[in-house]
Amino acid sequence: MAFPITRLRRLRRSESLRSLVRETRLTPESLVYPMFVCPGEGVRKEVRSMPGIFNLSVDEAVQEARQAHALGVPGIILFGLPETKDEVATGAWASDGIVQQAARAIKHEVPEVLLMGDVCLCEYMSHGHCGIVRAAPQSLGAAVAAPPAAATEYEIVNDATLELLARTSVSLARAGIDIIAPSDMMDGRVAAIRKALDQASFANTPILSYAAKFASGFYGPFREAADSAPQFGDRRSYQMDPANVREAMREIELDLEEGADMIMIKPALPYLDVIAAARERFDAPLAAYQVSGEYAMIEAAARNNWIDRDRVMMESLLSIRRAGASIILTYFAKDAARLLA
Ligand code: PBG
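Now for a quick tour of the structure. (Residues numbered from 1 in each chain as written. Predicted model: local features only at pLDDT ≥ 70, side-chain atom pairs only at ≥ 80, totals over all residues. Heavy atoms only, no water.)

A short note on the nonpolar core
Membership of the largest hydrophobic core comes to 112 residues, with the highest contact counts inside it found for Phe36, Ile76, Leu78, Ile265 and Ile275. If we skip the residues at most four places from it in the chain, Ile76 touches Val32, Tyr33, Met35, Ala65, Ala68, Val113, Leu114, Leu115 and Met116. (Core = buried A, V, L, I, M, F, W, Y, C linked by side-chain atoms within 4.5 Å. Buried < 20%, exposed > 50% of the residue type's maximum accessible area, 1.4 Å probe, protein only. Contact = heavy atoms within 4.5 Å.)

In structure tokens, the structure reads:
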């Protein structure tokens, strides 16, 4: 007897049929565009490893924000390159910090933009770590201002860092940032930030926590763009081990308990399984960050004519959506919105 063939190809015969039965759709409304703000005026300096992405002075950042908004991208996340760096990340929380200046200017010129502030200290610390550094107990035990010489002799101090993160968050909220997005991976930061925001009468400012942020090689180009590479050691003592999905669920659970309104997985493409597991388990809005290295890989291959840039860009974004992220932070935001228009 002939085996009856199930004809799934019936629904693939035309674009209108395929569109009718399409399970996942991309929309510009869910995209967030990252921007790097630097001192100066009229500065538009392309990041070597991220073609099409620039370090922008405040005036240029306003233009870029206006353009993103006109294309239908609702959100922008700001990163800062401060004038100077020190051991207490002054540039992160100073009221005239570079992100604070950019936030005020963008809110003034393009008030409809949903502004997110990345809360982390690495861009503002002379040593490039995301927290306060001190000599490890086995060497000295004392807190030191200057980073120790050898990579094995330091530790990132958790609880003292929380105070700086809270201070940074309040400062950003005061400058007009709509959503506070901590990306430092210190324990207890969401609770500390929530409390500080509430006390400063920002009870209505939501927290989007980078809940599961992995210690990833895919951040390479970002560290060039934001000048934030650690001067010694690496971030493995605070960012997550790439091997762990169950631990990611614990990170998310804790951040939600501490008061996170939305959660994020980062990077995106190499961690689609983590996104899917989080979607299954948690009901809070879920974001994913398609990071600098993911962008750079696609751009580099496209520049060699090895792949079709637009096609791969849209496919990668769709896959992040299909895995379960409703919000996508991506350097492709403007280009994708253009194609979706
Ligand atoms: C700050 C921060 C980083 C990224 C976002 N926030 C860098 C890092 O953790 O080293 C990476 C984003 C990207 O690669 O696009 N800690």
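Describing the pairing of strand β9 (residues 208–213)
Note on strand geometry: in a regular strand, side chains alternate between the two faces of the sheet. Burial of β9 is extensive: six of the six residues sit out of reach of the surface. Bridge analysis of β9 against strand β10 (residues 262–266) gives four bridges, and the strand direction is parallel. Pairing of Ala212 across the sheet is with Ile265, part of β10. (Helix = DSSP H or I, 4+ residues; strand = E, 2+ residues; numbered from the N terminus. Pairing = 2+ DSSP bridges.)

Focus on the site of the ligand
The immediate surroundings of the ligand are formed by 18 residues, with Lys213, Arg223, Lys266, Ser292 and Tyr331 found nearest. One of the side-chain N or O atoms of Tyr331 is found 2.6 Å from an oxygen atom in the ligand. Starting from 400 Å² of accessible surface for the ligand in isolation, the protein chains cover 100%. Residues belonging to the shell around the ligand are distributed by class as follows: 10 nonpolar, three polar and five charged. (Near = heavy atom within 4 Å. Polar contact = N/O pair within 3.5 Å; in protein donor to acceptor, adjacent residues only side chain to side chain. Areas by Shrake-Rupley, 256 points an atom, 1.4 Å probe, with all protein chains shown as cover. Nonpolar A, V, L, I, M, F, W, Y, C, P; charged D, E, K, R; others polar.)

A short note on the environment of Gly131
Within the fold, Gly131 resides in the loop between β5 (114–119) and β6 (132–135). Distance from Gly131 to Glu153, taken between C-alpha atoms, is 15 Å for residues 22 residues apart in sequence. If sequence neighbours within four positions are ignored, Gly131 has contacts with Leu121, Met125, Ile156, Thr161 and Met186.

Some points on the packing of aromatic side chains
Considering all chains together, one arrives at 10 aromatic pairs under this definition. Between the aromatic rings of Tyr289 and Tyr331, the centroid separation amounts to 6.1 Å while the plane-to-plane angle is 45°, which identifies the pairing as tilted. Taken together, the positions of Tyr289 in strand β11 (residues 286–290) and Tyr331 in the loop between β12 (327–330) and α12 (333–340) put the pair 42 residues apart, joining distant regions of the chain. Here Tyr289 matches Tyr331 in class, with each residue buried. Both rings, one in Tyr295 and one in Phe332, keep their centres 4.7 Å apart while their planes meet at 50°; by these two values the pair is tilted. Of this pair, Tyr295 sits in helix α10 (residues 292–303) while Phe332 sits in the loop between β12 and α12, and the two are 37 residues apart along the sequence. Of the two residues examined, Tyr295 and Phe332, each falls in the buried class. In textbook terms, an aromatic cluster arises when at least three aromatic residues are bridged by ring pairs, as seen for Phe36, Phe79, Tyr210, Phe222, Tyr289, Tyr295, Tyr331 and Phe332. For the cation-ring pair, Arg167 lies above Trp93, with the distance from its terminal atom to the ring centre recorded as 4.4 Å. The ring of Tyr219 has Lys213 lying over it, and the distance from NZ or CZ to the ring centre is 5.6 Å. (Phe/Tyr/Trp six-rings, centres within 6.5 Å; stacked < 30°, edge-to-face > 60°. Lys NZ or Arg CZ within 6 Å of the ring centre and 35° of its normal.)

Without other data, these values stay purely geometric and don't point to any function.
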